[in-house]
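Here is how the chains run, residue by residue.
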Amino acid sequence: PLMNASLYRSTYNGQGVAIAICDTGVDYTHPMLGNGGFPNSKVIGGYDFGDSNPDPFPSTGDAHGTCCAGIAAGDLASVASYIGGVAYNAKIYALKVENSAGSIYSDKVVAAWDWCVTHQYDDPQNPILVISTSLGSSTGYSSLCDGSNPSYSQAANNAVSAGITILVSSGN
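A brief structural summary. None of these values were measured; they are calculated from a predicted model.

## Digging into the sheet that holds strand S3 (residues 91–96)
As a general point, the strands of a sheet are linked pairwise by backbone hydrogen bonds and lie either parallel or antiparallel.
Thinking step 1. Taken in spatial order, the 5 strands of this open sheet run S2-S3-S1-S4-S5, and their pairing is parallel. Whereas interior strands pair on both sides, the edge strands pair on one side only; in this sheet they are strand S2 (43–48) and strand S5 (165–168). Pairwise comparison of adjacent strand axes, ignoring direction, gives a mean angle of 15 degrees for this sheet.
Thinking step 2. With 6 bridges connecting them, strand S1 (residues 18–23) and S3 associate as parallel partners.

## Some points on the pairing of S3
Thinking step 1. Of all 6 residues in S3, 5 are buried, a share of seventy percent or more.
Thinking step 2. In this view, the connection linking S2 to its parallel neighbour S3 by way of helix H2 (residues 64–73) has left-handed handedness.

## Observations concerning the state of the cysteines
In a disulfide, the sulfur atoms of two cysteines are covalently bonded to one another.
Thinking step 1. Under the counting rule described, the total for this entry stands at 0 disulfides.
Thinking step 2. Cysteine Cys-22 is unpaired, with the sulfur of Cys-116 as its nearest cysteine sulfur at 4.9 Å.
Thinking step 3. Relative accessible area serves as the criterion here: at 0%, Cys-22 is assigned to the buried category.
Thinking step 4. Among the cysteines around Cys-67, which has no disulfide bond, Cys-68 carries the closest sulfur, lying 7.0 Å off.

## Quick look at the pattern of salt bridges
Thinking step 1. The full count for this structure, using the stated rule, is 3 salt bridges.
Thinking step 2. A salt bridge links Asp-75 to Lys-42; the shortest N-O distance between them is 3.3 Å. Here the residue Asp-75 occupies a position in the loop between H2 and S3, and Lys-42 occupies one in the loop between S1 and S2, the gap between them amounting to 33 residues.
Thinking step 3. On the basis of relative accessible area, Lys-42 is assigned to the buried category, the value being 4%.
Thinking step 4. Among the salt bridges present, the one from Lys-96 reaches Asp-48, with a minimum N-O distance of 3.1 Å.

## What about the packing of aromatic side chains?
Thinking step 1. A complete count under the given rule lists 5 aromatic pairs for this structure.
Thinking step 2. With centroids separated by 5.3 Å and ring planes inclined at 75 degrees, the aromatic side chains of Tyr-28 and Phe-57 adopt a geometry described as edge-to-face. Remark: Phe-57 occurs in the loop between S2 and H2 and Tyr-28 occurs in the loop between S1 and S2; sequence separation between them is 29 residues.
Thinking step 3. When its relative accessible area of 30% is taken as the criterion, Phe-57 is described as partly exposed.

Cut-offs used in this document
Residues numbered from 1 in each chain as written. Predicted model: local features only at pLDDT ≥ 70, side-chain atom pairs only at ≥ 80, totals over all residues. Heavy atoms only, no water. Pairing = 2+ DSSP bridges. Helix = DSSP H or I, 4+ residues; strand = E, 2+ residues; numbered from the N terminus. Axes fitted to C-alpha atoms, helices over the stretch in contact; angles between N-to-C directions. Buried < 20%, exposed > 50% of the residue type's maximum accessible area, 1.4 Å probe, protein only. Right-handed = clockwise from strand over helix to strand, strands pointing away. Disulfide = S-S within 2.5 Å. Salt bridge = Lys/Arg side-chain N within 4 Å of Asp/Glu carboxyl O. Phe/Tyr/Trp six-rings, centres within 6.5 Å; stacked < 30°, edge-to-face > 60°.

Put into structure tokens, the structure is as follows:
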């Protein structure tokens, strides 16, 4: 309700789009996120870059990535204040960038963004068109940061050149 999801999703429901969630992992057994194994009808692919294995399920109990996936593309429902994802018909790629110790490293995020470009059309009916990265750190920037981390800049430019929009949180 706070972001007027009902208004926008009446026109744009995410059909034919996949959203890559680069975060702490996605609980694909959640009832609003496929309610089953991996892959499933909602979470159609992904990888665990944090621990270098094929299962992007959260390993630290941190539900942040699962929440981000639900906000972006969770199935419709009415549970407390949850009304379903904004793009509820979109599919999800779960890209876990947090390791089992709870740390996130830049090279893992860059690898996840690069993976999205390489795997953009794994499901031609639902290509990856959005990368959502919601991570916090103590590093702050007051101007362009391209020079301080050129690997991020290059990976972002590669994704944009492939027609993928990258959403990155600010001030998490």
